[in-house]
Amino acid sequence: MTSVDMTLQPLAPERDRGRTAMVRVPAGDDPATWLPGARDGLRVALDEHGAVLVRGLDLRNPEAVAEVLRLLDVEAVVEREAFATRQTYHPGVYSSSAWPPNQPMCMHHELSYTLDFPGLLLLVCLSEPGTGGTTGLADAAGVLEDLPDELTERFAREGWLLTRSYNGEIGATVSEAFGTDSREAVESYCRDHAVSYEWQPDGGLRTAQRRSAVVRHPVDGRRCWFNQIAFLNEWTLAPEVRGFLVEEYGADGLPFNTWYGDGEPIEEDVVRRINAVYEERTVSRPWEAGDLLLVDNIRTAHSREAFEGPRDVVVAMAAPTRLDTCSPTIGRTP
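Starting from 1, residues in each chain are numbered consecutively following that chain's sequence as written. In view of the model being predicted, local features appear only for residues whose pLDDT reaches at least 70, and side-chain atom pairs are presented and counted only at 80 or more, with totals across whole chains, interfaces and linings using the full set of residues. The side-chain values count all of the structure's non-hydrogen atoms but skip hydrogen atoms and water molecules.

Student: Would you mind showing me how to read the overall build of the protein here?
Tutor: What counts as a helix is a DSSP run of H or I of at least four residues, what counts as a strand is a run of E of at least two, and both are numbered from the N terminus. Summing up its helical and strand segments, the protein has eight helices and 19 strands in all. Each principal axis of the C-alpha distribution contributes one length, and for the protein these read about 60 × 45 × 40 Å. In the protein, which comprises 334 residues, the share counted as buried stands at 51%. Restricting to contacts in the protein with at least 6 residues of sequence separation, those with at least 24 account for 80%. The classification of residues rests on relative accessible area computed with a 1.4 Å probe and restricted to protein chains. Under 20% of the type maximum is buried, over 50% is exposed, and intermediate values are partly exposed. Contacts are assigned to residue pairs that have any heavy atoms within 4.5 Å of one another.

Student: Which parts of the structure should I look at to understand the pairing of strand β15 (residues 256-260)?
Tutor: The two faces of the sheet receive side chains in turn, since in a regular strand these alternate between them. Within β15, five of the five residues are buried, which leaves the element mostly enclosed by the surrounding structure. Pairing between strand β10 (residues 160-166) and β15: five bridges, direction antiparallel. Looking at the pairing, Leu161 lines up with Trp259 of β15. DSSP-based pairing: two strands are paired if at least 2 bridges between them are found.

Student: Before we go on, may I ask you to explain the confidence of the model for the protein in this structure?
Tutor: Low pLDDT marks regions whose predicted coordinates should not be analysed in detail. The pLDDT value expresses, per residue, how confident the predictor is, ranging between 0 and 100. Mean pLDDT over the protein works out to 91, with 94% of the residues at or above the 70 mark. Taken together, the stretch residues 1-16 has pLDDT below 50 and engages in 36 contacts with residues farther than four places along the chain or on a different chain.

Student: I keep staring at the layout of surface pockets and nothing clicks. Help me out?
Tutor: Empty space among the atoms becomes visible once a probe the size of a water molecule is rolled across them. Roughly 780 Å³ of internal volume is contained in the largest pocket. Counting residues per element, the ones that place at least two in the lining of the largest pocket are β6 (105-108), α7 (239-249), α8 (268-281) and β17 (300-304). Top element by residues in the lining of the largest pocket is α8. It accounts for four residues. Taken together, the residues of the lining of the largest pocket sort by class into 20 nonpolar, eleven polar and three charged. Grid points spaced at 1 Å and placed over the protein atoms alone form the basis of the search, with a cavity being a set where a 1.4 Å probe fits but cannot get out and a pocket an open set showing protein on both sides within 12 Å along at least five of seven lines. Lining residues have an atom within 4 Å of a point. Grid points are joined across faces, edges and corners, and a volume is the space filled by probe spheres set on the points. Three residue categories are used. Nonpolar comprises Ala, Val, Leu, Ile, Met, Phe, Trp, Tyr, Cys and Pro, charged comprises Asp, Glu, Lys and Arg, and polar comprises the others, including Gly.

Student: Got a minute to help me understand the sheet that holds β6 in this structure?
Tutor: Hydrogen bonds along the backbone pair up the strands of a sheet, which may run parallel or antiparallel. Strand order in the open sheet formed by three strands is β6-β17-β9, with antiparallel pairing between adjacent strands. Of all strands in the sheet, those with a lone pairing partner are β6 and β9 (137-139), marking the two edges. Ignoring which end each strand starts from, the neighbouring axes of this sheet average 15° apart. The pairing of β6 with β17 spans two bridges and is antiparallel. Bridge assignment links His108 to a residue of β17, and that residue is His302. Sheet strands touched by α8: β6, β9 and β17. Its angle to β9, the strand with the most contacts, is close to 100°. Note on definitions: angles span 0 to 180 degrees between N-to-C directions of axes, and those axes are lines fitted to C-alpha atoms, for helices only across the stretch in contact.

This is the structure:
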């Protein structure tokens, strides 16, 4: 640990006013020297809290975010199977997912439907919104504890199923999701990553993949609710959006949907219950331009409020992690 004194602010105990743990960079310190010296201290704080906001680095562009990856000495992760379009700035450094600003983005773990995902997220606010747009955080072990045992036991036993329809209009295209226009390369990727696929007569692609809903953190072994069951389910969509998509593409052709691991539909009240538990567990802190938010992607779910005005938050994905190192209850093969 360097001689720089990091002041870690405690989380407020009140659930309705919960705040993300925060580290302040001493005024006048150069990020290029402060970050390498603070690596160990930040790791301790991240292990303790699951997410840490670093304020005072004054990060203002994607190049600075790429430099943070280098200074923290973490390996970048190249995104595959994206569900929405992003702009790529540098390897592992992306714009936020294209998602309507008037629609909230509910709690999820980044790429938790893949076999290889980032263990660490770095979210950097280049410019804060006029109103809203806060990134919420929820402890995945606590969410697992708060959900009904019968529900979590079923998902632990069966896993969860994600279905996707790539139609070229809603969400990421095939080439954006898989990084290639080659049908053969897409098929090879799907076979290698336990994704079933079917090409449609119009050239579209439909896929399905079964994944674990409950995993153990590879560092401390704690059981975590790790998935996107609620986020990518039809019942989380705004009613008018769901109605439009069903009318346009049919109930079986939604851009994405989630199911019980045995393929049975997930009831609306179950999705509402999951989102309610997330809400009860949510902590947050309003963004300020230049902020860096470090998130343990396995231990901590994240969300995004609806917002007005410009909001520019860049995400860097790092610390590649394999699902089979997290004691998944569902193996690599569906």
